[in-house]
Structure formats: structure tokens, C-alpha cells
Amino acid sequence: MNISAAYTTVTVSLTRADWLLSIMARFLFAALFLMYFWVSGLTKFGDGVLGIFSPSVGAYAQIFPKAMEAVGYDASQLSLFHTLVVLAGTWAEFVLPLMIVVGLLTRLAAFGMIGFVVMQTLTDLYGHGAISEAGTVGAWFDKAPDSVILDQRALWVFLLVTLVVKGAGPLSLDRLLFGDRA
């Protein structure tokens, strides 16, 4: 067998195994981000069992830092809109990652997580002032691949885009519920 034929055999085999991308993306999401988002979400719950409906002051401060500063960190002075956004963001930190990990409506959940990461990034940049910290923001095409915003978040989004495009793969609730159409 010549080199060209061997190369073609290997690449054809790899093309047939593209389902592996979905499984690897979901595994990496679970390994790297599931607990990150869940722990972040836990900090936003209020006290007691009904805390899931009553966000903590810290939740408002994380999501609306400038608005909280403006009202002296008294969340009761914020509007219903603020409360609904904080609740939706908090619940999203639990529901969307779980959906991705189990492979349920994976494309939709991954798309939702992309929106979440974009909002998280904008809040970090403008709400928490990271836009003025060059080391945190970073720069593409430089020698340092470890900035928190541009480098890390680009890789997060790439992982999620893989799931939006490829779906959950064969080991998923999507496949169980929707078959090969998932």
C-alpha cells in the first residue's frame, strides 16, 4: 500500500468517527465546566429551600454590579426585571449544563450556554471593569494563550459551537428520544 492510499484509508476512517467529537465535547464540558457553573449558581441562591426563588445579594452584585453599587447593595431597590434576570441566569447555570451533560436538547442548550458566556463576558468586562485589565482581557495572536477573557472564553465557545453543529452524539438522551435526527 502506498502512502497516499494509507493516508486516504486513515482519513476516511476518521471522517466516519466524527460522532466522537460530540462525545468528547460533552465529556470535556462535564469535566471542565459542570461544577464551575453549578458552584457559581449555588452562590446566587438565597437562604432556605425557597432560596431558588429568592436570589442572594451576591447574585445581584455578580450580575448587576453597577446597579447594586448605585443602590448601596440593597437589592430591594432594584426592579422586578433585575430579579427575573438574576433568577433566569441562576437557573440557567444549573439547567443548561445538565442538559448538555446528559445530551438532552443539546444543540439548544449549547446555544443557550453560548449566550450565557457572552453575557458573562460582557458583565466581567464592563460591569466588573475587566476591560481595563489588559492581562485579563488578553489578545489573540500573541505569545500568551492564557488570558481569562479572549483566550479562555474563545475555547469555551468553540466547545459549545461543536455541540451546536454536531449535536450530542450517539450516547445521549437526544439519540434515545429523537433517533438519528438528533
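What you see is a predicted model; the values in this text were computed from it and never measured.

1. Brief notes about a nonpolar patch on the surface
Side chains of Leu98, Val102, Leu105, Leu108, Leu173, Leu176, Leu177 and Phe178 sit close together on the surface and give an oily, nonpolar patch of about 710 Å² of accessible area. Elements represented by at least two residues in the nonpolar patch include exactly α5 (80–102) and α9 (173–178). Here the nonpolar patch gets four residues from one element, more than from any other, and that element is α9. Checked against the element boundaries, Leu173 lands in helix α9. Look at Leu173 and you get partly exposed, because its relative accessible area is 33%.

2. Re the packing of helix α2 (residues 19–42) against α5
For any two helices packed against each other, the geometry comes down to the angle between their axes and how far apart the axes lie. Put simply, α2 and α5 touch, their axes get as near as 9 Å, and they point 160 degrees apart. Accordingly, the angle class assigned to the pair α2 and α5 is roughly antiparallel. Of the two possible hands of crossing, α2 and α5 adopt the one that is left-handed. In this structure, α2 contributes Arg26, Phe29, Ala30, Leu34, Phe37, Trp38, Ser40, Gly41 and Leu42 to the contact, and α5 contributes Thr90, Glu93, Phe94, Pro97, Leu98, Ile100, Val101 and Val102. Of the residues assigned to the contact of α2 with α5, the class counts are 12 nonpolar, three polar and two charged.

Reading the values: the criteria
- Residues numbered from 1 in each chain as written.
- Predicted model: local features only at pLDDT ≥ 70, side-chain atom pairs only at ≥ 80, totals over all residues.
- Heavy atoms only, no water.
- Patch = residues over 30% accessible without salt bridge, like charges linked within 9 Å, V, L, I, M, F, W, Y side chains within 5 Å.
- Areas by Shrake-Rupley, 256 points an atom, 1.4 Å probe, with all protein chains shown as cover.
- Salt bridge = Lys/Arg side-chain N within 4 Å of Asp/Glu carboxyl O.
- Helix = DSSP H or I, 4+ residues; strand = E, 2+ residues; numbered from the N terminus.
- Buried < 20%, exposed > 50% of the residue type's maximum accessible area, 1.4 Å probe, protein only.
- Axes fitted to C-alpha atoms, helices over the stretch in contact; angles between N-to-C directions.
- Parallel < 35°, antiparallel > 145°, perpendicular 65-115°, else oblique.
- Left-handed = near helix turned anticlockwise from the far one by under 90°.
- Contact = heavy atoms within 4.5 Å.
- Nonpolar A, V, L, I, M, F, W, Y, C, P; charged D, E, K, R; others polar.

Read these as layout, nothing more, since geometry by itself doesn't imply function.
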